[in-house]
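Here are the chains, one letter per residue:
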Amino acid sequence: MDPDADLASVAALIADRHRAQMLLTLLGGTQQSGSALAEAAGISRALASAHLKKLVAGELVKVQPSGRQRLYSIASEPVADALEILILLAPATPVRSLRDAGRAKNLRWARMCYDHLAGAVGVAITEALTGHDLIRQQDGRFQLGSRGATGFCELGIDVGQLEHRTRPLLRPCMDWSERRYHLAGSLGAALTATMLEREWIATREASRVVTVNAPGVTALRDWLDIDLEQLRAAA
């Protein structure tokens, strides 16, 4: 037995359906209270607290005091990456109601993948960035295109400042619903944060689902020639 990796302990933490649902909720990238996670998992606050203690002890989740509340989030980007890879391998959850079907459709359209945008919209943006030479894909990696620094500067994103961080600037992240790449890394996170600040997109409490607002539809068409209405109709 390999003495360096106790995969069973990590697998045991994720194997419980209630803990798995809380982890999926936290993949939305927003800190959540214990009560919000309890509601998302469909369990009592006391049971959720017990599960969260295990996830924190297992270093899959971190907790931060905020006044009288304790807010929870995914412990790190590698944890989020590992969960996304597992989603690629996992079978789809059975759809038992119109509500389930609607939520599944919304997740595939646009969702948060930790701190960057995923789903059909995230992939469309990434491919448009490539088409406009803001980013390039080479040998399975992303790199900045010839128009990258200027193009992102139009949105107030200082690529040079991001390059000084320890986190990779650009990273391809396999999208589990589209089976194509969307943009991750510090640039993917900065772009998503800018879209949120400008209210092009909006998130929902205790959910990974992202809504593209009317200004976002217009802005993405003007900036990257993306026709989201046409993309939605095709989907």
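Please refer to the structure placed before this passage.
Residues numbered from 1 in each chain as written. Predicted model: local features only at pLDDT ≥ 70, side-chain atom pairs only at ≥ 80, totals over all residues. Heavy atoms only, no water.

**Thoughts on the overall build of the chain**
Here's step 1: Broken down by element type, the chain carries twelve helices and eleven strands.
Here's step 2: A buried classification covers 42% of the 235 residues belonging to the chain.
Here's step 3: A fraction of 57% describes how many contacts in the chain between residues 6 or more apart in sequence connect residues 24 or more apart.
Here's step 4: Carbon and sulfur atoms provide 52% of the accessible area of the chain, an area that totals close to 12,900 Å².
Here's step 5: Taking the average location of the 27 positive side-chain charges in the chain and that of its 26 negative ones, the two points are 7 Å from each other. (Helix = DSSP H or I, 4+ residues; strand = E, 2+ residues; numbered from the N terminus. Buried < 20%, exposed > 50% of the residue type's maximum accessible area, 1.4 Å probe, protein only. Contact = heavy atoms within 4.5 Å. Areas by Shrake-Rupley, 256 points an atom, 1.4 Å probe, with all protein chains shown as cover. Lys, Arg positive; Asp, Glu negative; His and termini not counted. Charge placed at Lys NZ, Arg CZ, Asp CG, Glu CD.)

**Some thoughts on helix H11 (residues 214-224)**
Here's step 1: Turning to H11, its buried residues are Gly-216, Val-217, Ala-219, Leu-220, Trp-223 and Leu-224.
Here's step 2: In this structure, the buried side of H11 is in contact with helix H7 (119-131), helix H8 (148-153), helix H10 (185-197), strand E11 (210-212) and helix H12 (228-234).

**Re the side chain of Ser-33**
Here's step 1: Inspection of the secondary structure assignment puts Ser-33 in strand E1 (residues 32-33).
Here's step 2: A distance of 3.1 Å separates a polar atom in the side chain of Ser-33 from a polar atom in the side chain of Ser-35.
Here's step 3: A polar contact of 3.2 Å, which involves the side chain of Ser-33, links it to the backbone nitrogen of Ala-36.
Here's step 4: Among residues more than four places away in sequence, those in contact with Ser-33 are Gln-69, Arg-70, Leu-71 and Tyr-72. (Polar contact = N/O pair within 3.5 Å; in protein donor to acceptor, adjacent residues only side chain to side chain.)

**Structural notes on the sheet that holds strand E2 (residues 61-66)**
Here's step 1: Sheet architecture is open: three strands sit in the order E1-E3-E2, paired in antiparallel fashion. On the outer flanks of this sheet lie E1 and E2, each paired with one strand and no other.
Here's step 2: The pairing of E1 with strand E3 (residues 69-74) spans two bridges and is classified as antiparallel. Note on E3: the bridge partner recorded for Gln-32 is Tyr-72.
Here's step 3: Sitting on the sheet, helix H2 (residues 17-26) touches E1, E2 and E3, and the angle it makes with E3 is about 85°. (Pairing = 2+ DSSP bridges. Axes fitted to C-alpha atoms, helices over the stretch in contact; angles between N-to-C directions.)

**A closer look at the pattern of salt bridges**
Here's step 1: According to the stated counting rule, one finds nine salt bridges in the structure shown.
Here's step 2: Here Arg-171 makes a salt bridge to Asp-81, at a shortest N to O gap of 3.1 Å. In this pair, Arg-171 is assigned in strand E8 (residues 171-174) and Asp-81 in helix H5 (residues 77-89), connecting sequence segments 90 residues apart.
Here's step 3: Exposure remark for Asp-81: the relative accessible area of 22% places this residue in the partly exposed category.
Here's step 4: Each of Glu-77, Asp-81, Asp-115, Arg-167 and Arg-171 takes part in a single network of salt bridges with overlapping partners. (Salt bridge = Lys/Arg side-chain N within 4 Å of Asp/Glu carboxyl O.)

**Section: the pairing of strand E9 (residues 181-184)**
Here's step 1: As paired strands, E8 and E9 are joined by four bridges and run antiparallel to one another. Bridged to Pro-172 within E9 is Leu-183.
Here's step 2: What sits between the antiparallel neighbours E8 and E9 is a turn of six residues, in which Arg-179 has the positive phi angle 55°.

**Remarks on the packing of helix H6 (residues 98-109) against H7**
Here's step 1: Running from N to C, H6 and H7 point in directions that differ by 15°, and their axes come no closer than 3 Å. By the angle between their axes, H6 is roughly parallel relative to H7. Facing Leu-107, Arg-108 and Trp-109 of H6, the residues of H7 in contact are Gly-119, Ala-120 and Val-121.
Here's step 2: Split by residue class, the contact of H6 with H7 holds four nonpolar, one polar and one charged. (Parallel < 35°, antiparallel > 145°, perpendicular 65-115°, else oblique. Nonpolar A, V, L, I, M, F, W, Y, C, P; charged D, E, K, R; others polar.)

**Some words on the packing of aromatic side chains**
Here's step 1: As enumerated under the stated definition, the model contains two aromatic pairs in all.
Here's step 2: Between Phe-142 and Tyr-181, the ring centres sit 6.5 Å apart and the planes meet at 80°, which makes this aromatic pair edge-to-face. With a gap of 39 residues between them, Phe-142 in strand E7 (residues 141-144) and Tyr-181 in strand E9 connect regions that are remote in the sequence.
Here's step 3: A residue is classified by how much of its surface remains accessible, and Phe-142, at 8% relative accessible area, is buried.
Here's step 4: Ring geometry for Phe-152 against Trp-223: centres 6.2 Å apart, planes inclined by 70°, an arrangement best described as edge-to-face. Taken together, the residues Phe-152 in helix H8 and Trp-223 in helix H11 connect sequence positions 71 residues apart. Each of the two residues, Phe-152 as well as Trp-223, counts as buried. (Phe/Tyr/Trp six-rings, centres within 6.5 Å; stacked < 30°, edge-to-face > 60°.)

**Some thoughts on unusual backbone geometry**
Here's step 1: Here Asp-133, not a glycine, exhibits a phi torsion of approximately 60°, which is positive.
Here's step 2: Structurally, Asp-133 is set in the loop between H7 and strand E6 (135-138).
Here's step 3: In this structure, Ala-206 is a non-glycine residue whose phi angle is positive, near 55°.
Here's step 4: Note on placement: Ala-206 falls in the loop between strand E10 (201-203) and E11.
Here's step 5: Overall, the relative accessible area of 22% leaves Ala-206 in the partly exposed class.

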